[in-house]
Amino acid sequence: MQTPPAPSSGTRRGSLACVGLGMTLGSHLTPLARSHIEQADVVFAALSDGVVEMWLERMHPDVRSLQPYYREGKSRLKTYRQWVELMMAEVRAGKRVCGVFYGHPGIFAWSPHKAIETARAEGYEAHMEPGISAEDCLYADLGIDPGRFGCQHFEASQLLFYERRIDPAGYLVLWQVGLVGDRSLARFQTGSAYRQLLVELLARDYPLDHEVIVYRGATLPIEKPRVRRLPLRELPQAPLTAEETVVLPPAQSLRPNIAMQQRLEALDELEKAGDVA
Amino acid sequence: MTDTIDLLEAIGRDASLRHASAEELAKALEQAQASEALAAAAASGDRARLFEELGHRECEPPQSTQMPGHEEEEEEPDQHEEPRPSPVPGQEKPSPRR
């Protein structure tokens, strides 16, 4: 089937699409995300891998990497604000802008949400196109169904910065443990003393010999997922990079909620009586 | 010699290649006249060999979203700050991503 011509509008206005490239080069890019890239006037890229960036450059002649705005010692918030402004400057100039982010553009990513919010507030068309995320790959590679026991996700630092309730009867997935406790937003890694604090907090709900899984998905199609298993107590000393994810499997069995089950039974009886009547 | 990025894309979208054994993949890469660097990277799983061919580009850690006390800062973005220059292959510091 021939592709129908794209609709054309009389006056060109800027627009923004933030799309996900997926995690693995060549495997995850959706047809619609590719189309957004190919039809854009300018493409901005925040990707996981320099090789993946080169692949993206094959899809569009004007790909501008956002990576050079990162700098050790510079607040990441400042970097992310710059990213938003770079994209918005082109939108305001009437360009069709595509922001390409690895994985899913809306998961653990501040700037795509902010850029879309800003564009819409200024009256521009803005859209987010989902991608296959690290979380999606994690479920497949580790054989976890989040629906079975439930699954909590936190960026690891949030557990230290705020009072949160952990449910050890479900899975607990901790993102960016390699950066845990970085309040400066300016470091690319924190050390074992920071992870020790995290382990102390987790030890309220998990035994120290509880097995944790350290996971990294494949970003190149010649790689396999990296999966390591170790006791919780060894987490502070384990080599860990920022893109690795820590999974704590359930430490308790599900406890029946007897009171609610009784109330449900009573409701069932009422419905049954109503049917008979 | 077949282009390395094209070959990576071809592997990524081919069900039998993406999950092939090291031996099968090595054979397929040989038939496709892959570069020595790609063949070595595929055999060892060590991406560093690819950088020898393609040049190393730093990619920093994922976007952190935890910004306690920072989100409300009245800091104006610095529009005039230039990005740092792209790293020269072979001279860059190791990235925490790799």
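What you see is a predicted model; the values in this text were computed from it and never measured.

A. Looking closely at the overall build of chain B. A tally of helices and strands in chain B yields five helices and zero strands. What you see in chain B, going N to C, is helices and strands ordered as α-α-α-α-α. A buried classification covers 40% of the 98 residues belonging to chain B. For chain B, the proportion of contacts with a sequence separation of at least 24, taken over those separated by at least 6, is 65%. Of the roughly 5700 Å² of accessible surface on chain B, 49% is carried by carbon and sulfur atoms.

B. Structural context of the nonpolar core. Within the largest apolar cluster, 35 residues are counted, with the highest numbers of intra-cluster contacts made by Ile37, Leu56, Val100 and Ile222 of chain A. Top element by residues in this core is helix H2 (residues 50-57) of chain A. It accounts for five residues. Sequence-distant contacts of Ile222 of chain A, defined by excluding residues within four places in its chain, comprise Leu8, Ile11, Leu25, Leu38, Ala41, Ala42 and Leu50 of chain B.

C. Structural detail: the environment of Glu223 of chain A. For Glu223 of chain A, the position within the fold is in the loop between strand S8 (211-216) and strand S9 (226-231). Here Arg47 of chain B takes part through its side chain, which lies 2.6 Å from a polar atom of the side chain of Glu223 of chain A.

D. Spatial organisation of the packing of aromatic side chains. Evaluation of the coordinates by the stated rule reveals six aromatic pairs over all chains. Each member of the aromatic cluster is reached from another via a ring pair, and the members are Tyr70, Tyr80 and Trp83 of chain A.

E. Quick look at the packing of H2 of chain A against helix H1 (residues 4-12) of chain B. Relative orientation of the contacting elements H2 of chain A and H1 of chain B amounts to 95°, with a least axis distance of 10 Å. Taken together, the axis directions place H2 of chain A and H1 of chain B in an arrangement best described as roughly perpendicular. Counting all contacts with H2 of chain A, which are made through Val51, Met54 and Trp55 of chain A, the residues of H1 of chain B involved are Ile5, Leu8 and Glu9 of chain B. Its residues assigned to classes, the contact of H2 of chain A with H1 of chain B comprises five nonpolar, no polar and one charged.

F. Up close: a negative patch on the surface. A contiguous patch of negative charge, built from Glu265, Asp268, Glu269 and Glu271 of chain A, is present on the exposed surface. With respect to the helices and strands, Glu271 of chain A occurs in helix H9 (residues 258-276).

G. Summary view of the pairing of strand S1 (residues 15-20) of chain A. Residues and elements named next belong to chain A. Most of S1 is tucked away, with six of its six residues classed as buried. Alternating residues of S1 divide into Ser15, Ala17 and Val19 and Leu16, Cys18 and Gly20, and every residue in both groups is buried. Bridge count between S1 and strand S4 (residues 96-101): six bridges; the pairing is parallel. Bridging from a neighbouring strand, Gly20 pairs with Phe101 of S4.

H. Looking closely at the domain arrangement of chain A. Residue and element names in this part refer to chain A. Taken domain by domain, chain A holds domain 1 (15-132) and domain 2 (135-248). Inter-centroid distance (C-alpha atoms) of domain 1 to domain 2 is 26 Å. In this complex, domain 1 contributes 20 residues to the contact, which on the side of domain 2 involves 18 residues. In this assembly, domain 1 packs against domain 2 so that about 1500 Å² is buried in total across both faces, 61% of it on carbon and sulfur atoms. On the domain 1 side of the interface with domain 2, the three residues burying the most area are Glu72, Arg76 and Phe108, jointly 41% of the side's total.

I. How the structure looks around the UniProt feature "domain: Tetrapyrrole methylase" (unreviewed entry) in chain A. UniProt tags residues 16-235 of chain A as "domain: Tetrapyrrole methylase" (unreviewed entry). Across residues 16-235 of chain A, the secondary structure splits into 35% helix and 21% strand, with the terminal C-alpha atoms separated by 41 Å.

J. Broad picture of a nonpolar patch on the surface. Judged by side-chain polarity, Leu264, Leu267 and Leu270 of chain A come together as a nonpolar surface patch covering roughly 320 Å² of accessible area. Among the residues examined, Leu270 of chain A registers a relative accessible area of 61% and is labelled exposed.

K. Structural view of the sheet that holds strand S2 (residues 42-46) of chain A. All names here are of chain A. Overall, parallel pairing links the five strands, which are arranged S3-S2-S4-S1-S5 in an open sheet. Two strands in the sheet have a free side with no partner beyond their single neighbour: strand S3 (63-65) and strand S5 (125-129). Strand-to-strand twist across the sheet, computed as the mean angle between neighbouring axes with direction ignored, equals 20°. Pairing geometry for S1 and S5, over five bridges, is parallel. Each residue of the ladder has a partner; that of Ser15, found in S5, is Glu125. The strands touched by helix H3 (residues 76-92) are S1, S2, S3 and S4; relative to S4, the strand with the most contacts, the crossing angle is about 155°.

Cut-offs and rules
- Residues numbered from 1 in each chain as written.
- Chains lettered and ligands numbered in written order.
- Predicted model: local features only at pLDDT ≥ 70, side-chain atom pairs only at ≥ 80, totals over all residues.
- Heavy atoms only, no water.
- Helix = DSSP H or I, 4+ residues; strand = E, 2+ residues; numbered from the N terminus.
- Buried < 20%, exposed > 50% of the residue type's maximum accessible area, 1.4 Å probe, protein only.
- Contact = heavy atoms within 4.5 Å.
- Areas by Shrake-Rupley, 256 points an atom, 1.4 Å probe, with all protein chains shown as cover.
- Core = buried A, V, L, I, M, F, W, Y, C linked by side-chain atoms within 4.5 Å.
- Polar contact = N/O pair within 3.5 Å; in protein donor to acceptor, adjacent residues only side chain to side chain.
- Phe/Tyr/Trp six-rings, centres within 6.5 Å; stacked < 30°, edge-to-face > 60°.
- Axes fitted to C-alpha atoms, helices over the stretch in contact; angles between N-to-C directions.
- Parallel < 35°, antiparallel > 145°, perpendicular 65-115°, else oblique.
- Nonpolar A, V, L, I, M, F, W, Y, C, P; charged D, E, K, R; others polar.
- Patch = residues over 30% accessible without salt bridge, like charges linked within 9 Å, V, L, I, M, F, W, Y side chains within 5 Å.
- Salt bridge = Lys/Arg side-chain N within 4 Å of Asp/Glu carboxyl O.
- Lys, Arg positive; Asp, Glu negative; His and termini not counted.
- Charge placed at Lys NZ, Arg CZ, Asp CG, Glu CD.
- Pairing = 2+ DSSP bridges.
- Domains from an automatic or database assignment.
- Buried area = accessible area lost by both parts, 1.4 Å probe.
- UniProt positions renumbered as here; feature names shortened; annotations may be inferred.

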